[in-house]
Amino acid sequence: MVDTYGTSKTSMPVERIPGEKMYIDWVGDQPELLLDTTTGELRKVHIFTTTLGFSSLVYAEIFPDEKLPHFITGTVHALSYYGAVPKYLVPDNLRTAVTRHSKDKLVLQSAFSDLETFYDTIVLPPPPRKPKGKPTVENHVRFLETHLVEELKKDTYISLEALNAAVKKIVADINQSFPEKI
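Attention in this report is confined to the structure presented alongside it. (Residues numbered from 1 in each chain as written. Predicted model: local features only at pLDDT ≥ 70, side-chain atom pairs only at ≥ 80, totals over all residues. Heavy atoms only, no water.)

## As for the overall build of the chain
Of regular secondary structure, the chain possesses four helices and nine strands. In sequence order, the chain lays out its α and β elements as β-β-β-β-β-α-β-β-β-α-β-α-α. Expressed as a percentage of its 182 residues, the buried residues of the chain come to 40%. Of the contacts made within the chain by residues no fewer than 6 positions apart, 63% connect residues no fewer than 24 positions apart. Looking at the chain as shown, the accessible area adds up to about 11000 Å², and 53% of this sits on carbon and sulfur atoms. (Helix = DSSP H or I, 4+ residues; strand = E, 2+ residues; numbered from the N terminus. Buried < 20%, exposed > 50% of the residue type's maximum accessible area, 1.4 Å probe, protein only. Contact = heavy atoms within 4.5 Å. Areas by Shrake-Rupley, 256 points an atom, 1.4 Å probe, with all protein chains shown as cover.)

Dropping the structure here:
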């Protein structure tokens, strides 16, 4: 045990319960990974990611944008990947999922609200104006920004399908070697 007496550096362990939370976010940087075969230019892509609060398993998928249909698709694919539905879905304060979030009121996008009903789960966003309130997924986002993107930059991709196939292999390796990597 670390002696913190007389210092301002104290911490408290976070209690995590298996199957309780799946954290959802987009990776902040949009890397240029998709080759446009007609112009020869690299196009930016958006990386959707989730992580489970207890096991810290990650899921990632590439989309052309961060619009609601891709957010819903990514969430459904992540739930399928994990093979279970957690008690809570914890999205960042994304306009994609949350229309309005104040201390008094939470309004979800209707399609995301329908997803909540369909899967019989609860959407539990972080406090308003504190999007970094999910250290588990934020750490994984930073990890994916460096490791996943750097690995993907080693090849050229001409389709989202090929790019997502590469992402699937890299994520499998990351999850296989956890917790040593993250």
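## Here's the deal with helix α4 (residues 160-177)
Taking 1.5 Å of rise per residue, 18 residues should cover 26 Å, and α4 covers 26 Å from first to last C-alpha, within 8% of that figure. Leu163, Ala166, Val167, Ile170, Val171, Ile174, Asn175 and Ser177 are the residues of α4 that are buried. (Expected span 1.5 Å × (residues − 1).)

## Let's talk about the sheet that holds strand β5 (residues 58-63)
Strand-to-strand pairing in sheets goes through backbone hydrogen bonds, with the strands running parallel or antiparallel. The strand order across the open sheet formed by five strands is β5-β4-β1-β6-β9, and the pairing between neighbours is mixed. The sheet terminates laterally at β5 and β9 (122-123), the two strands that pair on one side only. One ladder, built from five bridges, connects strand β1 (residues 21-26) with strand β4 (residues 46-52); its direction is antiparallel. Each residue of the ladder has a partner; that of Ile24, found in β4, is Thr50. The strands touched by helix α1 (residues 68-82) are β1, β4, β5 and β6 (88-91); relative to β5, the strand with the most contacts, the crossing angle is about 145°. (Pairing = 2+ DSSP bridges. Axes fitted to C-alpha atoms, helices over the stretch in contact; angles between N-to-C directions.)

Worth remembering: the numbers are spatial, not functional.
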